[in-house]
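Chain by chain, the residues run as shown.
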Amino acid sequence: MSEAIMPTNRAVNRSKPKVPTIAAGLVRDLLTFAVQEGARKTDLLSAAGLEAADLEDQDTRISFQVYILMLRAAKDQCKRPDLPLAY
């Protein structure tokens, strides 16, 4: 499992600030949409530091920063600055 994954069953650590997260299902949907628009799946996963297996459980939490990395890579690969609006 990559470092970008936030396990859902981990005990809360109150000594560290909370990291914003997003459900893996939303990241997977972005990946699917970007691939349909012409991006390469392996390149997007690599840009975000993820593996395909990281997105299998839609309820797994992914760092929001990782989502933004994938979104930026998708915009670049698809040559669509409006990709977030279309998605």
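Everything below is about the structure shown above.
The present account deals with the structure reproduced in this document. Just so it is clear, the model here is predicted, and its values are computed rather than measured.

1. With respect to unusual backbone geometry
So, step 1. With phi around 55°, K79 is a residue other than glycine that occupies positive phi space.
So, step 2. The residue K79 is located in the loop between α3 (64–78) and α4 (83–86) in this model.
So, step 3. We classify K79 as exposed; its relative accessible area is 70%.

2. A few points about the packing of helix α1 (residues 24–36) against helix α2 (residues 41–48)
So, step 1. In contact at an axis separation of 9 Å, α1 and α2 are set at 140° when each is read in the N-to-C sense. Taken together, the axis directions place α1 and α2 in an arrangement best described as oblique. In this structure, α1 meets α2 at a crossing whose hand is right-handed. Every residue of α2 that contacts α1 at L31, A34 and V35 is listed here: K41, L44 and L45.

3. With respect to the packing of α1 against α3
The packing of two helices is summarised by the inter-axis angle and the distance between the axes.
So, step 1. Orientation of α1 relative to α3, taken along the N-to-C sense of each, is 5°, at an axis distance of 10 Å. Relative to α3, the element α1 lies roughly parallel. Mapping the contact onto sequence places L26, V27, L30, L31 and A34 in α1 and Y67, M70, L71, A74 and C78 in α3.
So, step 2. Tallied by class, residues from the contact of α1 with α3 come to 10 nonpolar, no polar and no charged.

4. What to know about the packing of aromatic side chains
So, step 1. One pass over the structure, following the stated rule, counts two aromatic pairs.
So, step 2. Note on F33 and Y87: the rings are 5.8 Å apart at their centroids and 45° apart in plane angle, and the pair reads as tilted. You can see F33 sitting in helix α1 and its partner Y87 sitting in the segment after α4, a full 54 residues away along the chain.
So, step 3. A residue is classified by how much of its surface remains accessible, and Y87, at 34% relative accessible area, is partly exposed.
So, step 4. Residues F64 and Y67 carry aromatic rings whose centres are separated by 5.6 Å and whose planes lie at 35° to one another, so their mutual orientation is tilted.

Cut-offs applied
- Residues numbered from 1 in each chain as written.
- Predicted model: local features only at pLDDT ≥ 70, side-chain atom pairs only at ≥ 80, totals over all residues.
- Heavy atoms only, no water.
- Helix = DSSP H or I, 4+ residues; strand = E, 2+ residues; numbered from the N terminus.
- Buried < 20%, exposed > 50% of the residue type's maximum accessible area, 1.4 Å probe, protein only.
- Axes fitted to C-alpha atoms, helices over the stretch in contact; angles between N-to-C directions.
- Parallel < 35°, antiparallel > 145°, perpendicular 65-115°, else oblique.
- Left-handed = near helix turned anticlockwise from the far one by under 90°.
- Contact = heavy atoms within 4.5 Å.
- Nonpolar A, V, L, I, M, F, W, Y, C, P; charged D, E, K, R; others polar.
- Phe/Tyr/Trp six-rings, centres within 6.5 Å; stacked < 30°, edge-to-face > 60°.

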